[in-house]
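Structural overview
As a plain string of letters, each chain reads:
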Amino acid sequence: MTEVNLTQISKKFGKSTVLKQIDLTLAGQTIYGLLGRNGAGKSTLLNIIENRIPATSGSVQIDGEDNVNNDLALGKVYLMSEQNLYSNSAKVDQIFRETALFYPGFDFELAHQLTNKFELNENLRFGKLSTGYRAVMKDIIALAVDAEVILLDEPTLGLDAAHRELFYQELMEAYAKRPRIFVISTHLIEEIAGLIEHVLLLKDGKMMLNDTTENLLAQSYAITGPEKQVQEYTAGLNVIGHDSLGKLRSDYVFGELDDQRILPDTVSVEGIDLQKLFINLTNGQWEKERA
Ligand SMILES: Nc1ncnc2c1ncn2[C@@H]1O[C@H](COP(=O)(O)OP(=O)(O)OP(=O)(O)O)[C@@H](O)[C@H]1O
């Protein structure tokens, strides 16, 4: 099984440091969700893994081999990104064949099935495809390449709701047929929350969370009730945000609750979903709540 190890990866663009000493291991058969707000550095990180851009410092090893100028190591990784790497005059089926030169195990049968399902005409030239269909074509390639590590940078950008749904289904099917490492970077957390087994959350250039979805949700709570009682109950806990509705208040807590505290009858404790956790961890309110 392939393993990707990032050691102390930093990236600067001019004076701004986008990634700060990231240590990360991608391993096993896992669907990772790479989350982070706009500009958090998700694409930069994926591009560094695929060696499309150089890190300022640090290293990426794929099965113990440095990824820089190493076709063998890079052949184990496929990055689907917004960047258009194809000539406008190339037809879709020709692009499939060209991809197969780099990824010899390319699954043409699956690619054809998927072009049918997505109603993508393989005779069309890349330059004639709409933005959505360009993404569809790239998604199809990502599912059909024979790579151990599939990096998907905003795979559903430009896809309509029906195509997004179809893509998630096909992704799950491809994963079930051949479990490997998928990393999905996206803003549409709600849509993929059910798919992600492991969360990687980038904030301020650092890997703020790196844990299984299950572990994260097991320590995420909404404490709801009358404002005063809620605030008394959550005082000193790791409150990452809150919502208010009239006199009702929900405090979102990430981390352990205090078993010794008595929960008033008027106050409830419930779990929260990944989307809510993400919003509260990344909107900056957390730091203010803690200040
Ligand atoms: N080639 C570049 N030159 C200068 N700055 C860059 C370059 N590429 C990215 N950046 C900057 O680095 C930061 C991180 O960008 P990146 O695209 O990795 O973020 P992202 O998390 O993928 O964002 P989004 O979700 O909006 O796509 C941004 O501030 C961006 O402007």
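Residues numbered from 1 in each chain as written. Predicted model: local features only at pLDDT ≥ 70, side-chain atom pairs only at ≥ 80, totals over all residues. Heavy atoms only, no water.

As annotated in an unreviewed UniProt entry, the chain carries the name ABC transporter ATP-binding protein and comes from Ligilactobacillus salitolerans.

Tracing the backbone shows Leu151 in strand E7 (residues 149-153). The exposure class assigned to Leu151 is buried, which follows from its relative accessible area of 0%. Expressed as a C-alpha distance, the spacing of Leu151 and Leu34, which sit 117 residues apart in the sequence, is 9.7 Å. If we skip the residues at most four places from it in the chain, Leu151 touches Leu46, Ile49, Val77, Tyr78, Leu79, Met80 and Val183. (Helix = DSSP H or I, 4+ residues; strand = E, 2+ residues; numbered from the N terminus. Buried < 20%, exposed > 50% of the residue type's maximum accessible area, 1.4 Å probe, protein only. Contact = heavy atoms within 4.5 Å.)

With that settled, consider the environment of Ile141. Tracing the sequence through the fold places Ile141 in helix H5 (residues 131-144). Considered as a pair, Ile141 and Tyr78 are 63 residues apart in the sequence and their alpha carbons are 9.3 Å apart. Not counting residues up to four positions away in its chain, the partners in contact with Ile141 are Tyr78, Tyr86, Ile95, Phe96, Thr99 and Phe106.

Quick look at unusual backbone geometry now. With a phi close to 50°, Glu154 is a non-glycine residue in the positive phi region. Judged by its relative accessible area of 12%, Glu154 falls in the buried class. Although it is not a glycine, Asp204 adopts a positive phi angle of roughly 50°. Positionally, Asp204 belongs in the loop between strand E9 (198-203) and strand E10 (206-212). Its relative accessible area of 56% is what places Asp204 among the exposed residues.

In total, this model carries 6 aromatic pairs according to the counting rule given. A ring pair is formed by Tyr78 and Tyr103, whose centres lie 5.3 Å apart and whose planes are at 75°; its orientation type is edge-to-face. With Tyr78 in strand E6 (residues 77-80) and Tyr103 in the loop between helix H3 (92-102) and helix H4 (108-117), this residue pair connects regions lying 25 residues apart in the sequence. Tyr78 gets classed as buried once you look at its relative accessible area, which sits at 8%. Judged by centre distance (6.0 Å) and plane angle (70°), the rings of Tyr175 and Phe182 are edge-to-face. (Phe/Tyr/Trp six-rings, centres within 6.5 Å; stacked < 30°, edge-to-face > 60°.)

A separate point is the site of the ligand. Looking at the ligand, the residues that line it are Phe13, Val18, Arg37, Asn38, Gly39, Ala40, Gly41, Lys42, Ser43, Thr44 and His187. In the model, an oxygen atom of the ligand is placed 2.9 Å from a nitrogen or oxygen of the Asn38 side chain. In this structure, Thr44 approaches the ligand through a side-chain N or O atom, which is 2.5 Å from an oxygen atom. Isolated, the ligand exposes 630 Å² of accessible area, and the fraction of that covered by the protein chains is 54%. When residues in the shell around the ligand are grouped by element, the largest group, 3 residues, is from helix H1 (residues 42-49). Looking at the shell around the ligand, its residues break down into 3 nonpolar, 6 polar and 2 charged. (Near = heavy atom within 4 Å. Polar contact = N/O pair within 3.5 Å; in protein donor to acceptor, adjacent residues only side chain to side chain. Areas by Shrake-Rupley, 256 points an atom, 1.4 Å probe, with all protein chains shown as cover. Nonpolar A, V, L, I, M, F, W, Y, C, P; charged D, E, K, R; others polar.)

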